[in-house]
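Tertiary structure, described
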Amino acid sequence: MNPPARNWARTLSFAPRRWARPGDEAELCALLAAAPAGEPLRVVGSAHSWSDAAVSEGLLVGLDQLNQIELLPDGLVKVGAGARLFELNAALDAAGRALPILGTVTAQTVAGAVSTGTHGSSLRHGNLASLVHGLKLVDHAGRLRELGQDDPDLPAARVGLGAFGVLTELTLKTVPAFRLQEVLLPLRWEEAIERLPSLVEDFEYVKLWWMPHTDEALVFHYTRTDAAPTVPALSRNVDEKLINGVVFTALLAVSRFLPAMAPLLNRLVQAVYFRPQSRVAPSFEALTAAMPPIHHEVEHSIPLVDTVPALRELRGMIEREGIRVNFPVEARFGPADDAWMSPSFGRASCHLGTYIGESPDYKRYFAGCTERLRALGGRPHWGKELHIDPDTVRRLYPRAAEFGDRVRTWDPTGRFSNPFLRRILGPP
Ligand SMILES: Cc1cc2nc3c(=O)[nH]c(=O)nc-3n(C[C@H](O)[C@H](O)[C@H](O)COP(=O)(O)OP(=O)(O)OC[C@H]3O[C@@H](n4cnc5c(N)ncnc54)[C@H](O)[C@@H]3O)c2cc1C
């Protein structure tokens, strides 16, 4: 297998000087122990980050062969760092278990998703990193090290940004398998955002989509149920793939070349797809969706209490400044957690995702979102487009300086440094 040529969004290319694909932990340890001094190294998961998190200036490592999954008796699962989330979901389901939280897609590797703080939307369940009970990694000198549940470095290493070493295995907490009833509730925009604070408290999982230039939003909420699944997984997947791969891809192409059409097309999408719907599915299907069409993403996690003003601010900005946005704004939620570099560190959060297909307004949109959401303390998602410097990181993440100190202890020669980490932590 070759290294990935580019990331999922086709915005970055990977051209490492050297590529390695170890078959097991021992081979990986030997690789690091024998690597020339000063040769930088990064791991690439499934290259689903918009940011340059996985870009290597030297050796790039792929761990797709470290994908073993072992269920432990106490509800924990040991999973190889290179296993994909969809593989883990299938193995857990076969054993009557599930992850309590998932993001929108499941193509990511477990280690890649955990390392950037990948999250779903629930005030009752933290991000994927919060499920980490322990982990194993190979350090800069090729030594295999283990961080258990009580290790003082675990809160730093959970959302570790690839800075501590090469993760080889994670032990995650799981829950008994469960089904969810998903309800899609279209509401007038004003009503949707007024009701949002109570909806996120009332339902276990809630998210909101708003197509800019329309006056309606779509609330998704989910409740546990014992009812039988209503839509066969295959048919749902085919439907979504068809809509995302053909219909939405075509609409994005039109608005790319005729950006003035974006408001009209958004109204069309809203009228056709923002309909009341309800369905029952296993949790790992209800909480996830088929791959969306290629687009750009920026995301900021703001304090939960600022959700409504932030949504109003975004809408005001788009309308006042005439920015033509051809993709939904998404509001998702998460409880406070204790991983030092998690966007939800120490505070319940609204993860405000601002997305856009290729468009002449793309840079202006993201610059405006970043300026306004940073003013509310918005912390960037490490896997999405990232414009930041170390001072801003320290202002937004209270333990960023300590994180940098721990990284320097674990990796004194800066082997795992890359341009992404230097923008966050400064020079190694
Ligand atoms: C279509 C799409 C949907 C998405 N949906 C969501 C969502 O719902 N919620 C959300 O929060 N995010 C979402 N993301 C972002 C995505 O989850 C993150 O960018 C994630 O990090 C990608 O995982 P990956 O396996 O592709 O990792 P990569 O992008 O390949 O790598 C990410 C980082 O992890 C490091 N890494 C990977 N493996 C290891 C390892 N074994 N040891 C040490 N470091 C490692 C890499 O070096 C890099 O720094 C989405 C992205 C896409 C493209």
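**Topic: the overall build of the protein chain**
A tally of helices and strands in the protein chain yields 13 helices and 18 strands. At 21 Å, the protein chain has a C-alpha radius of gyration in line with the 22 Å of a compact globule built from 428 residues. Dimensions of the protein chain, computed from the C-alpha atoms along their principal axes, are close to 60 × 45 × 40 Å. Looking at the protein chain as a whole, 46% of its 428 residues qualify as buried.

**A look at helix 2 (residues 85-94)**
Along helix 2, the residues that are buried comprise L85, L88, N89 and L92. Around the axis of helix 2, the buried residues are gathered within 100° of arc, so they sit on the same side. Close packing links the buried residues of helix 2 with strand 4 (69-71), strand 5 (76-80), strand 6 (97-98), helix 3 (110-115) and helix 8 (283-286). Just beyond helix 2, the residue with positive phi is G96, at close to 75°.

**With respect to the site of the ligand**
Around the ligand, the structure places 33 residues, and the nearest of them are G45, S49, G103, G112 and G383. Counting residues per element, the shell around the ligand draws most heavily on helix 3, which supplies four residues. Residue composition of the shell around the ligand, by class: 16 nonpolar, 16 polar and one charged.

**What about the pairing of strand 11 (residues 179-188)?**
Inspection of the sheet shows strand 11 paired to strand 13 (residues 216-225) by 10 bridges, in the antiparallel sense. From the neighbouring strand, L185 faces strand 13, where its bridge partner is V219.

**So, the environment of F86**
Looking at the secondary structure, you find F86 in helix 2. For F86, a count of 15 C-beta atoms within 10 Å translates into the label partly exposed. In the structure, F86 is positioned 24 residues away from V110 in sequence and 9.4 Å away in space, judged by C-alpha atoms.

**Overview of helix 7 (residues 262-273)**
Between its first and last C-alpha atoms helix 7 spans 16 Å; for 12 residues at 1.5 Å apiece the expected length is 16 Å, and the two agree. Among the residues of helix 7, those classed as buried are A262, L265, N266 and Q270. Projected onto a plane normal to the axis of helix 7, the buried residues spread over an arc of 140° and lie on a single side.

**So, the packing of helix 5 (residues 189-202) against helix 9 (residues 307-321)**
Remark: helix 5 packs on helix 9, axes separated minimally by 9 Å, with the N-to-C direction vectors making an angle of 155°. Compared by their axis directions, helix 5 and helix 9 come out roughly antiparallel. Seen along the crossing, helix 5 lies across helix 9 with a hand that is right-handed. Across from I193, L196 and P197 in helix 5, the residues of helix 9 making contact are T307, V308 and L311. Split into classes, the residues belonging to the contact of helix 5 with helix 9 amount to five nonpolar, one polar and no charged.

**Some remarks on the domain arrangement of the protein chain**
Examined at the domain level, the protein chain breaks down into domain 1 (18-176) and domain 2 (179-380). The C-alpha-based centres of domain 1 and domain 2 are spaced at 27 Å. Those elements that place two or more of their residues in the side of domain 1 that touches domain 2 are helix 2 and helix 4 (154-157). A class-by-class count of the residues in the side of domain 1 that touches domain 2 yields 10 nonpolar, 11 polar and three charged.

Procedures and definitions
- Residues numbered from 1 in each chain as written.
- Predicted model: local features only at pLDDT ≥ 70, side-chain atom pairs only at ≥ 80, totals over all residues.
- Helix = DSSP H or I, 4+ residues; strand = E, 2+ residues; numbered from the N terminus.
- Rg over C-alpha atoms; globule rule 2.2 N^0.38 Å.
- Buried ≥ 20, exposed ≤ 12 C-beta atoms within 10 Å, placed from the backbone.
- Arc of directions from axis to C-beta.
- Contact = placed C-beta atoms within 7 Å.
- Near = placed C-beta within 6 Å.
- Nonpolar A, V, L, I, M, F, W, Y, C, P; charged D, E, K, R; others polar.
- Pairing = 2+ DSSP bridges.
- Expected span 1.5 Å × (residues − 1).
- Axes fitted to C-alpha atoms, helices over the stretch in contact; angles between N-to-C directions.
- Parallel < 35°, antiparallel > 145°, perpendicular 65-115°, else oblique.
- Left-handed = near helix turned anticlockwise from the far one by under 90°.
- Domains from an automatic or database assignment.

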